[in-house]
Amino acid sequence: MSIENYRMVRQKIDEACLRSGRNKDDVTLIAVSKTKPVSMIEELLPEGVINFGENKPQELKEKYEQLPKNLRWHMIGHLQRNKVKYVIERSCMIHSVDSIRLAQAIDEEAGKHDLIMPVLVEVNIAQEDTKFGIKADETFDFIKEISACDNIKVNGLMTIAPFVENPEENRIHFRNLYKLFIDIKDRNVDNVNMCSLSMGMTNDYEVAVEEGATLVRVGTGIFGERTYNNQVQIK
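All values derive from a computational prediction rather than experimental measurement.

1. A word on the environment of Leu-79
In this structure, Leu-79 sits in the loop between β3 (72-75) and α4 (84-87). As for Leu-79 and Leu-120, which are separated by 41 residues in sequence, their C-alpha atoms are 12 Å apart. Setting aside anything within four residues of it in sequence, one finds Leu-79 in contact with Pro-57, Val-84, Val-87, Ile-94, Ser-96 and Leu-102.

Laid out in structure tokens, this is it:
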């Protein structure tokens, strides 16, 4: 079932690209596997799926150890500084940088392993009190400050749009984030490569693609509803 769901989501992404005059290869589908067992991830591997998203360092660490090393793990959830060490060598990208102190912690840990960590800056584009993220009008200054870090590379922006029944309601937020993305890209900040725009989830990814997303994060649409009865703990 997961493979059929994945194919359907991918087809809808491709159709959204066609509608908006985009190349379908410019949009990466991240299968958000949080709370799902390794067996469900393994079902997708014969399909050539390699991009998976996790929001808990515990789960990412556990699954990384059990699955093929060619998979690309995206840390998409809120990340605490003391958990950075669990994801730094296992993630291809951290999507949720939302404070100077977190950026510094990632920079320090990446330095210990002699690697450059690609990161996205999380922007609270809809200004929701319950969401993490930098305010839109503070994003450029924030990026300029963290761009001085030696062992991280700012690759773009991420947002979590409001949960809405009608995905069209989020179009304005995706459009505004895209405008911010292009504005920062045009400023050519040193050590900043604005190439990734992570926005859109199960309920609204088609609209996000139409508005410029290069990464979409789909969990329920691929794996079904979340389960929380088998949470893993860091040993």
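2. Some thoughts on the packing of aromatic side chains
By the definition in use, this model includes two aromatic pairs. Ring plane angle 35° and centroid distance 5.7 Å describe the contact between Phe-52 and Trp-73, whose orientation is recorded as tilted. Taken together, the residues span a long stretch of sequence, with Phe-52 in strand β2 (residues 51-54) and Trp-73 in strand β3 at a distance of 21 residues. The ring of Tyr-64 carries the charged tip of Lys-69 above its face, separated from the ring centre by 4.9 Å. Over the face of the ring belonging to Phe-140 we find Arg-187, whose NZ or CZ atom lies 3.9 Å from the ring centre.

3. With respect to the state of the cysteines
Applying the stated criterion across every chain yields a total of zero disulfides. Sulfur of Cys-195: no disulfide; nearest cysteine sulfur belongs to Cys-92 and is 12 Å away. In this structure Cys-195 comes out as partly exposed when scored by relative accessible area, which is 38%.

4. Topic: helix α7 (residues 171-186)
For α7, with 16 residues, the first-to-last C-alpha span of 22 Å sits near the 22 Å given by 1.5 Å per residue. Buried within α7 are the following residues: Arg-171, His-173, Phe-174, Leu-177, Leu-180, Phe-181 and Ile-184. Packing partners of the buried residues in α7 comprise α6 (139-146), β6 (152-158), β7 (192-198) and α8 (205-210). Positive phi shows up at Asn-188, right after α7, with a value of about 50°.

The rules we used
Residues numbered from 1 in each chain as written. Predicted model: local features only at pLDDT ≥ 70, side-chain atom pairs only at ≥ 80, totals over all residues. Heavy atoms only, no water. Helix = DSSP H or I, 4+ residues; strand = E, 2+ residues; numbered from the N terminus. Contact = heavy atoms within 4.5 Å. Phe/Tyr/Trp six-rings, centres within 6.5 Å; stacked < 30°, edge-to-face > 60°. Lys NZ or Arg CZ within 6 Å of the ring centre and 35° of its normal. Disulfide = S-S within 2.5 Å. Buried < 20%, exposed > 50% of the residue type's maximum accessible area, 1.4 Å probe, protein only. Expected span 1.5 Å × (residues − 1).

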